[in-house]
Amino acid sequence: MSRSSARIALVAVTAGSLILTGGTAATAAAGAQTGPSVQAAGTDPAGITFADAAGSTGPAQPIPGAIGGGTLNVLQQDTFGHLDPAQIRVNNQAQLATLIHRGLTTYRLDNAGAYTLVGDLATDSGRMTDGGKTWTYTLKDGIRWEDGTPITSADIRQSVERLFAPFVTNGPTYLQHWLADTSGADYRNLLPEGPYTGSHLPDSVLATPDAKTIVFHFKKAQPDLPYALALAGYGAVPRAKDTKEAYDLAPVASGPYRIQEFKPGTSMTLVRNTQWDAATDSARHQYPDTFQISFGVSSVDSTHRMMNDTGDDRTATSFTNSVDRDSIAAIMADPGMAQRTLAGYQPYVAQINFNTRRITDRRLRLALAYAIPTKAVYDAQGGAYGAELAGSFISPTLPGYRKSDPLGKVAHPEGEPAKARRILASEHKLGMKVRYAFVDSPAAQQYSAAIETALEKAGFDVERVAIPGRNYYDTIGKTDNTFDMYGSAWGADWPSGLTVLPPVFDGRTVANGSSNYSMLDDPRVNRRIDCIKTMTDPQKAASAWMALSDSIARNDVPAVPTVYYKQLQMSGSHVGGATYHKFFANIDATRLYVKP
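A short tour of the structure in this document, coming up.

Conventions we followed
Residues numbered from 1 in each chain as written. Predicted model: local features only at pLDDT ≥ 70, side-chain atom pairs only at ≥ 80, totals over all residues. Heavy atoms only, no water. Core = buried A, V, L, I, M, F, W, Y, C linked by side-chain atoms within 4.5 Å. Buried < 20%, exposed > 50% of the residue type's maximum accessible area, 1.4 Å probe, protein only. Contact = heavy atoms within 4.5 Å. Phe/Tyr/Trp six-rings, centres within 6.5 Å; stacked < 30°, edge-to-face > 60°. Helix = DSSP H or I, 4+ residues; strand = E, 2+ residues; numbered from the N terminus. Expected span 1.5 Å × (residues − 1). Axes fitted to C-alpha atoms, helices over the stretch in contact; angles between N-to-C directions. Parallel < 35°, antiparallel > 145°, perpendicular 65-115°, else oblique. Nonpolar A, V, L, I, M, F, W, Y, C, P; charged D, E, K, R; others polar. Salt bridge = Lys/Arg side-chain N within 4 Å of Asp/Glu carboxyl O.

The subject of this paragraph is the nonpolar core. In this structure, Leu-175, Phe-216, Met-268, Leu-270, Phe-460 and Met-485 are the most contacted members of the largest nonpolar core, which totals 149 residues. Setting aside chain neighbours within four positions, we find Leu-270 in contact with Leu-96, Leu-99, Ile-100, Tyr-257, Arg-258, Ile-259, Asp-289, Thr-290, Phe-291 and Ile-293.

Written as structure tokens, this is what we have:
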């Protein structure tokens, strides 16, 4: 999952960085299932309960003290680049999706802080048979689109089949790869044009025998399917209203809110979706009348406005903006302001990618890795409140993580310019030109300038290029992009290295819109990924993903990890229900209400 200035697999504004949206791959419930048909209920090794029908029945548990009505003001740095669920991979968009879209499954956070994977549009989290190769879902009664039309299995079929269409280039690809039984971009060959030319996936792959039943058939066991289906990128789209590319600007709501007005780059207004029935939804609420979202508000501005706490800013929050790092000390020293903050670790690891198609020599990538001062990124995130220096591509939030520093970035956060310069001299590359792209935000301007200075000290000739946040990931995600290095951040879509290393480093996934931004394609890495995917012991798989991460960093150097993210957010004094959601890696928008 990308982190936006982008929770999973499913993309937050943390000091202006864009982040993409993403334990163990197999669930304990799956491992324990026997017999011809067993409900996918139980607890996985990461402590997540998989709900049955009773646990997936609405309404959601009331928030203590919550009242309905009022307008909640949302201050966001970046506009939403995509609204079509199939194109959602960045987490500011995923935050919006929790309010307007629904999928077959989702996460429920209760008042005690416990997380459950529940049936959303479906009656439960899924029923697994055939050793995990077949999964069956039944749609709930009373679920409707914003125009009052019932949501049926034909809509779910449409939602799945359109994922194979050429115009869908930004969303998750787990489900597509599993259905096509491939790890590469050739998954589209299963249905090259999507459902738009009259072709459909055969019943042997996806069956919809009646208006309420959906059956997925896989060649290999996929015990993590309920996790994958909870990603925002697998939200439902109505068959009758699917306008292909145009749907990205005018989606049809199934969640508690609908879009009344959207002015890209300026504002968005969400109002209550009167066709949403709380009795069908065990995870969401519909407390405010309106969410008024303003774009172009930096973390600095949103922080100062919430600190001042006057007028409409008393009912203001942000889906993804972090507290400005220069204001943290003042906020935490004031009990009144400190109690309006919330904090938590995020699953994201920031990294600076090296374009392996442009810089083909590993030694030159290693020189860049040595020269980069990762402390500049750490400082820009607010230090200890916003980040931790990273040595690995695997986050400390994942099972199997161990402290590791194969490129010496924790040991030498200021960089090792002399070491880098020696490599350049030995390769006769002193003065090598490097085009460095970064997201255009105050924090990124700050740390990219420090990185530029360090690289030039090491003997590189650096050209920095600022890219607007709205287009950043689309730009660096092109296989023919003209940049040598560029930052990104990736978080596990669910608690497994399966949702980190394959999407970020499997060479068979390289394509426009792929999250393999370095475009690494090492057959040894690809083979090892395939091997780990077959491991049935969750602990062994977790350790293997960690070892592979170290190997990639050391032997391929496709990127350098910079920081593990933390999140510190703030709200106005009249915002109620503010709760940190560890899977959204930000505030839980579905629990918010306006205090009187």
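With that settled, consider the packing of aromatic side chains. Evaluated as defined, the whole model comprises 23 aromatic pairs. Arranged with centres 5.1 Å apart and planes meeting at 85 degrees, the rings of Phe-80 and Phe-295 form a pair that is edge-to-face. Of this pair, Phe-80 sits in the loop between β6 (71-75) and α2 (91-100) while Phe-295 sits in the loop between β15 (290-294) and α6 (299-308); the two residues are 215 residues apart in sequence, bridging distant segments of the chain. Residues Phe-80 and Phe-295 agree in their burial class; the two are buried.

Here the focus is helix α12 (residues 442-458). Helix length check: α12 (17 residues) gives 25 Å between terminal C-alpha atoms against 24 Å at 1.5 Å per residue, within 8%. Of all the positions in α12, only Ala-443, Ala-444, Tyr-447, Ser-448, Ile-451, Glu-452, Ala-454, Leu-455 and Ala-458 are classed as buried. In the stretch just after α12, Gly-459 is the one whose phi turns positive, near 115 degrees.

On to unusual backbone geometry, then. Most peptide bonds are trans, and most residues other than glycine sit at a negative phi. Residue Pro-59 is bonded to the preceding Gly-58 through a cis peptide linkage, with omega at 0 degrees. Within the secondary structure layout, Pro-59 lies in the loop between β5 (49-50) and β6. For Asp-181, which is not a glycine, the phi torsion comes out positive at approximately 55 degrees. Structurally, Asp-181 can be placed in the loop between α4 (174-180) and β11 (206-210).

Their axes nearest at 10 Å, the elements helix α15 (residues 523-533) and helix α16 (residues 538-555) cross at an angle of 170 degrees. Comparing the axis directions of α15 and α16 gives the class roughly antiparallel. Counted together, Val-525, Arg-528, Ile-529, Ile-532 and Lys-533 of α15 and Ala-541, Ala-544, Trp-545, Leu-548 and Ile-552 of α16 form the full contact between these two elements. Broken down by class, the residue content of the contact of α15 with α16 amounts to 8 nonpolar, no polar and 2 charged.

Turning to the pattern of salt bridges, a few remarks are in order. Evaluated as defined, the whole model comprises 27 salt bridges. Asp-484 is the partner of Arg-358 in a salt bridge, and the nearest nitrogen-oxygen pair spans 2.8 Å. With Arg-358 in the loop between β17 (341-354) and α9 (362-371) and Asp-484 in the loop between α13 (472-476) and β21 (485-491), this residue pair connects regions lying 126 residues apart in the sequence. Take Arg-358: its relative accessible area is 40%, and that puts it in the partly exposed class. When its relative accessible area of 5% is taken as the criterion, Asp-484 is described as buried. Each of the salt bridges in this network shares a partner with another, and the network as a whole consists of Arg-102, Asp-120, Asp-281 and Arg-284.

By themselves, these figures tell us nothing about what the structure is for.
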